[in-house]
Amino acid sequence: MSADFRPDFLFGAATAATQVEGGDHHNTWYAWARKPGRIKDGTTPARATDHWHRYPEDFDLLAEMGLTTYRLGLEWSRIEPQPGVFNKEAMAHYRDMLLKLQEKGIEPLVTLFHFSLPLWFARYGGFEQPESVTIFERYVRFVVGELGDLVSQWITINEPNVYAVEGFYFGHFPPGKKDFPLTLLVLKHLALAHIKAYRAIHEGRIQHATPTMVGVAHHVRVFEACNKLNLADHAAAKTMKYLFQDAIIECMATGTLVSPIGHNAPLGTGCFQDFIGINYYTRSAVSAKGFSD
């Protein structure tokens, strides 16, 4: 089976910094994994695949496969190890990574937040706190000021719904809480943080000739009624879809906070996405009594 693609179609691969870099001990996932019983086999991101040191080899492999784009994440805790204190050495390292991608004709797509927080930010309360919006904006403005000449495509936040639900409703991710109102509050702050970041990235790259593209990588799944003849199951599937993905996508795209995440448009309305990123893994069968993947 073959398919025709436009000449400018980009084939690529993607990673998250915490999953591949190794060597950073100041992020929430490193601390989480070190607690006995958190990870079944005791695995930690302490070494991961050592991408921090082996990225030249990894980029050679990308080029050998003929890939033309690479989505990479930045580790916030490396860049801002203390509040308002930025690590120039870390930025020089990321800059070298981007330059090597450029040499190989591979376009970077940079993710600014992919589930992992600096420990100092988490201790402050992370995205539970209203001030998190301006703290994230500060980090974004610094990064764009350092790397904006090499990167035109940006993802502000990876899967905000997964981060909020797993960390604050099910308790499977750091910080391991189970609080539905808090889940909604975190989603609200993530939406506002994205809008601030969207504007900051465009403002930071205004002098560059290449078009600036900013979006969110959304986790999107299909919700289906377990019993297609059962109206209650259909209503449950529709409700789950709205709560899990539709509401947060609307908030981030337009600036209008919709129920149950919030109300009004505290940062103004507009279009805060130049593209829509979609991560699709599975679907859920929903009944009025619950759901299953």
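Everything numeric here is computed off the predicted structure, so don't read it as measured data. (Residues numbered from 1 in each chain as written. Predicted model: local features only at pLDDT ≥ 70, side-chain atom pairs only at ≥ 80, totals over all residues. Heavy atoms only, no water.)

Colleague: Explanation requested: the state of the cysteines in the structure shown.
Modeller: Simply put, the disulfide is a covalent bond whose two ends are the sulfur atoms of two cysteines. Under the definition given, this model contains zero disulfides. Looking at the unpaired C251, the closest cysteine sulfur is the one in C271, lying at 14 Å. Classification of C251 as buried rests on a relative accessible area of 0%. (Disulfide = S-S within 2.5 Å. Buried < 20%, exposed > 50% of the residue type's maximum accessible area, 1.4 Å probe, protein only.)

Colleague: When you look at the packing of helix α7 (residues 132-147) against helix α9 (residues 180-204) in this model, what are you seeing that I'm missing?
Modeller: The axes of two packed helices give the description: the angle between them and the distance between them. Packing of α7 against α9 brings their axes to within 9 Å, and their N-to-C directions diverge by 25°. Here α7 is positioned roughly parallel relative to α9, judged by the angle of their axes. The way α7 lies across α9 gives a crossing that is right-handed. The residues of α9 that touch α7, namely those facing S132, V133, F136, E137, V140, R141 and V144, are H189, L192, A193, K196, A197, A200, I201, E203 and G204. Among the residues forming the contact of α7 with α9, the class breakdown is nine nonpolar, three polar and four charged. (Axes fitted to C-alpha atoms, helices over the stretch in contact; angles between N-to-C directions. Helix = DSSP H or I, 4+ residues; strand = E, 2+ residues; numbered from the N terminus. Parallel < 35°, antiparallel > 145°, perpendicular 65-115°, else oblique. Left-handed = near helix turned anticlockwise from the far one by under 90°. Contact = heavy atoms within 4.5 Å. Nonpolar A, V, L, I, M, F, W, Y, C, P; charged D, E, K, R; others polar.)

Colleague: Would you mind showing me how to read the packing of helix α3 (residues 51-64) against helix α5 (residues 88-103) here?
Modeller: Here α3 crosses α5 at 10°, and the two axes come no closer than 10 Å. By the angle between their directions, the pair α3 and α5 is classed as roughly parallel. Here H51, W52, Y55, P56, F59 and L62 of α3 come into contact with α5, specifically with A90, H93, Y94, D96, M97, K100 and L101.

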